[in-house]
Amino acid sequence: VAQATARLAPVKARMEAVAERECRARTRRMNCDFYITVDKDPSSPPNAYQTQSKSGRPTITFTTALIADAKNADELAFVMGHEAAHHIQGHINRSQNDAVSGAVLVGVLAVAIGIEADDLEQAMEVGAVVGARAYSKDYELEADRLGTIITHLAGYDPLTGVQYFSRIPDPGNRFLGTHPPNRQRIALVEKTARGL
């Protein structure tokens, strides 16, 4: 963990300030004080994710496996920019609202067709999953676009950074999948970077 933290530190130092500046410029009354950390569990698979603390502070967590897999600082920066973009664009709250909308819609439909009360909760849980995933691919692409800009503004090369996607498993274009195909994400980053 100490070695991973040390490798991430210079990227964090440059990216954090830019992400916070972009957050303040693009949002109103949002907590833009990013906390960037390394997962303490060395057995966690390669991943990075954005969450919020109970106080609303945006947190970006990298696993040691992802840090080890990254070939260069540009890849780490791109992943960090992508995760910061999720917060700036309010994806956690939007996803939660999508889940609630899906649960309510399926609940209303279930009642309308006369579903038994015992099955209503299960139907609403399915609706919540469908609702949460309905826009998740769009959110990933939105985060890729803004993450490209943040990465560039911090002085890293997003075109080098996005090559991380060429080495990770491709989720394909599955119905209700959470992430779009890697080739689609790479093409979007390339298009966005050409405009910078």
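This brings us to the overall build of the protein chain. Along the protein chain, the regular secondary structure elements total eight helices and three strands. Scanning the protein chain from its N terminus toward the C terminus, one meets helices and strands in the order α-β-β-β-α-α-α-α-α-α-α. Residues counted as buried form 45% of the 196 residues belonging to the protein chain. Counted over contacts in the protein chain with a minimum sequence separation of 6, partners at least 24 positions apart contribute 69%. Approximately 10,500 Å² of the protein chain is accessible, and the part contributed by carbon and sulfur atoms is 55%.

For the rest of this paragraph, the subject is the confidence of the model for the protein chain. For the protein chain, per-residue confidence averages 86 on the pLDDT scale, and residues scoring 70 or more make up 81% of the total. Within the protein chain, no element has a lower average pLDDT than helix 5 (residues 117-134), which sits at 60, and none a higher one than helix 7 (residues 158-161), at 98.

This part takes up the state of the cysteines. If you walk through the whole model with that rule in mind, you get one disulfide. The residue that forms a disulfide with cysteine 23 is cysteine 32, at a sulfur-sulfur distance of 2.1 Å. Taking the sign of the torsion about the S-S bond as the criterion, the disulfide between cysteine 23 and cysteine 32, at about -70°, is left-handed. Each member of the pair, cysteine 23 as well as cysteine 32, carries the same accessibility label: buried.

A few words on the side chain of glutamate 22. One can find glutamate 22 in helix 1 (residues 2-26). We classify glutamate 22 as buried; its relative accessible area is 11%.

This part covers the layout of surface pockets. In this structure, the largest pocket spans a volume of roughly 730 Å³. Along the walls of the largest pocket sit 27 residues, with Asn47, Ala48, Glu83, Glu140 and His179 positioned nearest its centre. When contributions to the lining of the largest pocket are tallied by element, the ones reaching two or more residues are strand 2 (48-52), helix 3 (73-88), helix 4 (91-112), helix 6 (136-153) and helix 8 (182-194). Here the lining of the largest pocket takes five residues from helix 3, the largest share from any one element. Considered class by class, the residues forming the lining of the largest pocket number 13 nonpolar, eleven polar and three charged.

So, how was this worked out
Residues numbered from 1 in each chain as written. Predicted model: local features only at pLDDT ≥ 70, side-chain atom pairs only at ≥ 80, totals over all residues. Heavy atoms only, no water. Helix = DSSP H or I, 4+ residues; strand = E, 2+ residues; numbered from the N terminus. Buried < 20%, exposed > 50% of the residue type's maximum accessible area, 1.4 Å probe, protein only. Contact = heavy atoms within 4.5 Å. Areas by Shrake-Rupley, 256 points an atom, 1.4 Å probe, with all protein chains shown as cover. pLDDT = per-residue confidence, 0-100. Disulfide = S-S within 2.5 Å. 1 Å grid on protein atoms, 1.4 Å probe; cavity = no way out; pocket = protein on both sides within 12 Å on 5 of 7 lines; lining within 4 Å. Points joined across faces, edges and corners; volume = space filled by probe spheres on them. Nonpolar A, V, L, I, M, F, W, Y, C, P; charged D, E, K, R; others polar.

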